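Okay, here's what each chain looks like letter by letter:
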Amino acid sequence: MSEKTKLGLFEYDVKNGLGLISYNVDEHEHAHIIVDTKKCGDCDSMMCVWGCPAQCYMFRDVGLDEMKFQYEDCVECGTCFLMCTDGALSWNHPRGGFGITYAYG
Amino acid sequence: MDEEVDFDVIIIGCGMAGMACAAQLLKEGVEGDRILVVDRGEPIGAKNLSGGILWGRELDELEDIFPNWEMDNPGIERYINHKKIGFLSSEDAFIMEGKFASWDGIGGTEEPSMRTGWSVLRAKTDSWFAEKLEEAGVFIMPGIKIDQLHIDGLDHTSYTARDLTSPADDAGKGAAQKWRIDNADPEIINAIREGRICGIVQDGEVMTSNVVVIAEGSNSILTRSYAFDSMLHAQSRHGIILGVKEVIHLGEDVINSRFGCFSGDDERPPSGMAMEAALAIYDDMAEKAWAEYPVTAGQVPRAGGWLYTNRDTLSIGVVIQLDSLPSGIHTYDMLEAYKSHPAIAPLISGGETVEYGAHLVPEYGLNRMPDRLVRDGAVVIGDAAGLVYSNGAVIQGQNYSIHSGKLAAKVIAKCIESGDFSKKSLGQYKKDLDASYVMRDLKRFKTTAKFLADDANYTWVPKFMGKMFNRVVREIGEEKITVEKQALRLRKEMRRKDKKTKKGMGLLNLLRLGMMGRKL
Ligand SMILES: Cc1cc2nc3c(=O)[nH]c(=O)nc-3n(C[C@H](O)[C@H](O)[C@H](O)COP(=O)(O)OP(=O)(O)OC[C@H]3O[C@@H](n4cnc5c(N)ncnc54)[C@H](O)[C@@H]3O)c2cc1C
Ligand code: SF4
Ligand code: SF4
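Note that the coordinates shown come from a computational prediction; the quantities given were computed from them, not determined experimentally.

Description of the overall build of chain B
Here comes step 1: Across its full length, chain B carries 20 helices and 19 strands.
Here comes step 2: Expected size for 520 residues packed as a compact globule is a radius of gyration near 24 Å; at 25 Å, chain B falls within 12% of this value.
Here comes step 3: Considering chain B as a whole, with its 520 residues, one finds that 61% of them fall into the buried category.
Here comes step 4: Pairs at least 24 residues apart make up 76% of the contacts formed inside chain B by residues separated by at least 6 positions.
Here comes step 5: Here chain B displays about 20,700 Å² of accessible surface, and carbon together with sulfur accounts for 52% of that area.
Here comes step 6: Of the charged side chains in chain B, 63 are positive and 76 negative; the average position of the first set lies 11 Å away from that of the second.

The following block contains the structure:
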């Protein structure tokens with residue numbers, strides 16, 4: 001290899017992968033994760049954004065001034081709950097019968 | 001036996017731990033219709049994801065309930081007889097491999113002849129296990145999520161599931177973090193934390209049992225909510241890894257020829273390969289991230305990659321230590337970078353991704369297990385109990401889960417006989433677990449977690465391995481020197497590169513790593 005490989009310097013569209021999972025999305029009033037976005041304003045590290053494998057959290061990484069959260073694409077991994085140390089998250093599994101269905105796992 | 005309860009045992013979660021517990025209870029003579037297994041997935045297995053290789057022959061003991069499991073379970077894909085361990089850096093890949101005739105399990109070898117590892121796809125394995133349990137008479141209820149346990153004498157409407165998992169309005173940060181439940185009446189709090197657990201609450205309806213087995217896996221909400229573990233403890237990201245995975249369809253023939261696999265016969269499933277690698281491939285991503293988000297500058301993402309062959313698909317993914325992730329790097333980009341590494345890309349080329357997913361692994365070992373595994377009327381098993389071992393080359397969680405489920409079942413069966421379900425009687429489970437290979441392994445390898453959390457393994461070590469091998473085997477007209485000299489020269493060169501490497505490859509550090517490495 002003559003030139004140094006620049007690995008990973010691209011923006012991968014994770015929605016391609018998410019499109020392959022089957023979801024049964026619950027209504028908003030039963031959202032399994034609730035984000036108190038008021039608390040996000042002074043959050044420098046935004047660890048939920050970087051940790052979430054399903055791009056449910058969008059904020060300054062995509063040029064937004066305000067945290068935009070959507071639970072619909074969530075793969076129910078629990079990462080965001082561990083990443084947010086500011087007490088902005090109420091996390092639970094979706095109600096029985098809702099959320100993702102893996103066919104392989 | 002207490003005839004007033006709906007079930008002798010209610011098991012929450014039909015993953016590896018829960019299903020094994022139910023099967024062992026049957027073996028101990030507990031009637032199927034006295035056992036209820038509830039799971040939030042529908043069908044069973046729909047929420048489950050592992051790497052994954054199932055190691056060990058734990059299932060043999062459950063052959064009565066899971067007959068011919070190796071051949072008949074559609075999620076047991078290939079047996080492993082080919083293992084690779086690698087070090088990947090941006091430029092190089094140094095991969096060691098072994099192919100073992102004894103792992104074919106057909107005899108005629110000096111080493112014990114046994115098949116002991118299988119690639120598995122959990123959505124498929126788990127629904128088969130559930131089907132067999134159902135055939136044996138166990139009640140299985142899929143699509144039911146439990147978020148409250150029934151506590152003796154406590155009205156479950158006096159608090160809600162959201163109270164257990166939501167930050168309080170006056171929530172602090174870190175150690176001062178408060179949850180809504182912390183503001184409840186002290187009597188309620190005390191009942192939730194210390195009362196006798198005697199059933200589950202489902203949609204406002206109570207189902208009672210003598211014992212509740214919590215087998216809820218790594219997102220152990222009930223375990224923390226009901227104070228087996230402290231919330232603060234449970235919310236820490238230390239020792240937790242996130243696995244991000246794709247299943248890629250290649251077709252059986254391509255896999256057989258590309259990976260040199262045997263195609264299977266009447267007695268054996270097809271054979272397969274399992275590869276894990278330490279990754280030092282995120283330099284460029286990290287540098288860009290550090291410049292954009294100085295808040296975590298200098299933090300090296302510690303990750304490993306894996307690739308396993310299934311029957312007609314590959315499981316490929318990265319495991320990321322969550323406490324190492326710097327701001328500026330998306331976890332899914334880390335998977336993409338691994339997939340596009342020159343040593344990996346050709347292995348998956350021509351394949352079609354059929355599934356994407358992610359799941360947590362509680363890799364913390366003994367350093368961070370829940371405070372207790374037993375309460376009056378309840379036990380915790382499997383991932384919820386933190387029973388996972390990893391040394392970088394393998395993850396073992398499924399076999400430990402199965403084993404913990406069996407041990408719990410044996411104790412529960414005795415408690416059913418004696419009619420005593422106190423934490424003292426059920427506590428025998430913890431003692432048996434301590435005496436079993438599960439806890440002995442975890443104890444013996446306590447330092448492994450430290451070793452795995454050392455930046456060296458994700459920075460200079462993979463680079464050093466790649467460069468060393470490259471220089472020792474190449475012929476580009478340079479003067480040949482001995483391996484020892486080469487190593488010293490390379491170390492000197494690499495230490496010149498930056499301060500961090502200089503320190504990392506310092507003598508003391510090498511000694512420290514060596515000491516830890518010896519104990520793997
Ligand atoms: C990426 C990755 C790679 C891995 N690789 C390996 C490997 O190669 N080898 C290995 O041995 N292990 C591996 N593991 C670990 C292994 O997957 C786990 O240790 C194992 O699955 C744990 O089994 P369990 O039964 O405790 O939990 P799970 O298998 O997670 O089962 C928990 C069950 O509980 C259900 N549940 C949860 N909460 C509720 C609720 N409130 N109500 C009702 N049901 C509920 C879930 O639907 C699920 O079915 C890996 C894990 C990951 C994430
Ligand atoms: S980590 Fe917490 S506070 Fe920070 S942006 Fe994410 S949700 Fe908001
Ligand atoms: S649980 Fe996982 S997938 Fe869902 S929002 Fe949180 S980090 Fe994203």
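Let's talk about the overall build of chain A
Here comes step 1: When helices and strands are counted, chain A shows three helices and six strands.
Here comes step 2: Walking chain A from its N terminus toward its C terminus, one meets helices and strands in the order α-β-β-α-β-β-α-β-β.
Here comes step 3: With 105 residues in all, chain A has 53% of them scored as buried.
Here comes step 4: Looking at chain A as shown, the accessible area adds up to about 4,800 Å², and 50% of this sits on carbon and sulfur atoms.
Here comes step 5: Put simply, chain A has 8 plus and 16 minus side-chain charges, and the middle of one group is 4 Å from the middle of the other.

Observations concerning the interface of chain A and chain B
Here comes step 1: Between chain A and chain B, the contact holds 60 residues from the first and 69 residues from the second.
Here comes step 2: Carbon and sulfur atoms make up 56% of the surface buried where chain A meets chain B, a total of about 5,600 Å² over both sides.
Here comes step 3: For the salt bridge of Lys47(B) with Glu76(A), the shortest nitrogen-to-oxygen distance reads 3.2 Å.
Here comes step 4: At the junction of chain A with chain B, the criterion picks out 31 residue pairs in polar contact (both at pLDDT 80 or more).
Here comes step 5: Those elements that provide at least two residues to the side of chain A that touches chain B are helix H1 (15–18), strand E2 (33–35), helix H2 (47–51), helix H3 (79–83), strand E5 (89–91) and strand E6 (99–101) of chain A.
Here comes step 6: Here the residues of the side of chain A that touches chain B are counted per class, giving 32 nonpolar, 19 polar and nine charged.

Brief notes about the site of ligand 1
Here comes step 1: Close to ligand 1 lie 37 residues, the nearest being Asp39(B), Ile53(B), Arg122(B), Ile146(B) and Asp383(B).
Here comes step 2: Residue neighbours of ligand 1 fall on chains A and B, so the site bridges chains.
Here comes step 3: At 3.0 Å, a side-chain N or O of Asn48(B) approaches an oxygen atom of ligand 1.
Here comes step 4: Ser401(B) is positioned such that a nitrogen or oxygen atom in its side chain is 3.2 Å from an oxygen atom of ligand 1.
Here comes step 5: For ligand 1, the accessible surface in isolation is 1,000 Å², of which the surrounding protein chains cover 98%.
Here comes step 6: Of all the elements in the fold, those that place two or more residues in the shell around ligand 1 are helix H1 (16–27), strand E13 (303–309), strand E15 (352–362), strand E19 (395–396) and helix H12 (398–418) of chain B.
Here comes step 7: At three residues, E15(B) tops the list of elements feeding residues into the shell around ligand 1.

Considering the pairing of strand E8 (residues 148–151) of chain B
Residue and element names in this part refer to chain B.
Here comes step 1: Burial of E8 is two-sided: the residues Gln148 and His150 facing one way and the residues Leu149 and Ile151 facing the other way are all buried.
Here comes step 2: Summarising the sheet, E8 and strand E9 (residues 197–202) pair through three bridges and their orientation is antiparallel. What sits directly across from Ile151, in E9, is Ile197.

Digging into the domain arrangement of chain B
Residues and elements named next belong to chain B.
Here comes step 1: Domains assigned within chain B are domain 1 (1–75 + 121–238 + 363–435), domain 2 (240–361) and domain 3 (452–517).
Here comes step 2: On a C-alpha basis, the centres of domain 2 and domain 3 stand 25 Å from each other.
Here comes step 3: Contact residues are listed per partner, giving ten residues for domain 2 and ten residues for domain 3.
Here comes step 4: Interface of domain 2 and domain 3: buried area, both sides summed, is about 780 Å²; carbon and sulfur atoms make up 55% of it.
Here comes step 5: A per-residue breakdown of the area domain 2 buries against domain 3 is headed by Ala280, Val300 and Arg302, which together make up 54% of the total.
Here comes step 6: Taken together, the links from domain 2 to domain 3 amount to two salt bridges.
Here comes step 7: Salt-bridge contacts for Asp455 lead to Arg302; the nearest nitrogen and oxygen are separated by 3.4 Å.
Here comes step 8: Remark: the boundary between domain 2 and domain 3 carries six residue pairs in polar contact (both at pLDDT 80 or more).
Here comes step 9: It is strand E12 (residues 271–280) that contributes the most residues to the side of domain 2 that touches domain 3, three residues altogether.

Focus on the pattern of salt bridges
Residues and elements named next belong to chain B.
Here comes step 1: Under the defined criterion, the tally for this structure stands at 37 salt bridges over all chains.
Here comes step 2: As a salt-bridge pair, Asp170 and Lys178 come within 2.9 Å of each other at their nearest N and O atoms.
Here comes step 3: With a relative accessible area of 44%, Asp170 lands in the partly exposed category.
Here comes step 4: Among the ionic pairs, Arg302 bridges to Asp323, the shortest N-O distance being 2.9 Å. Taken together, the residues Arg302 in the loop between helix H9 (283–292) and E13 and Asp323 in the loop between strand E14 (313–321) and helix H10 (331–339) connect sequence positions 21 residues apart.
Here comes step 5: Judged by its relative accessible area of 9%, Arg302 falls in the buried class.

Calculation notes
Residues numbered from 1 in each chain as written. Chains lettered and ligands numbered in written order. Predicted model: local features only at pLDDT ≥ 70, side-chain atom pairs only at ≥ 80, totals over all residues. Heavy atoms only, no water. Helix = DSSP H or I, 4+ residues; strand = E, 2+ residues; numbered from the N terminus. Rg over C-alpha atoms; globule rule 2.2 N^0.38 Å. Buried < 20%, exposed > 50% of the residue type's maximum accessible area, 1.4 Å probe, protein only. Contact = heavy atoms within 4.5 Å. Areas by Shrake-Rupley, 256 points an atom, 1.4 Å probe, with all protein chains shown as cover. Lys, Arg positive; Asp, Glu negative; His and termini not counted. Charge placed at Lys NZ, Arg CZ, Asp CG, Glu CD. Buried area = accessible area lost by both parts, 1.4 Å probe. Salt bridge = Lys/Arg side-chain N within 4 Å of Asp/Glu carboxyl O. Polar contact = N/O pair within 3.5 Å; in protein donor to acceptor, adjacent residues only side chain to side chain. Nonpolar A, V, L, I, M, F, W, Y, C, P; charged D, E, K, R; others polar. Near = heavy atom within 4 Å. Pairing = 2+ DSSP bridges. Domains from an automatic or database assignment.

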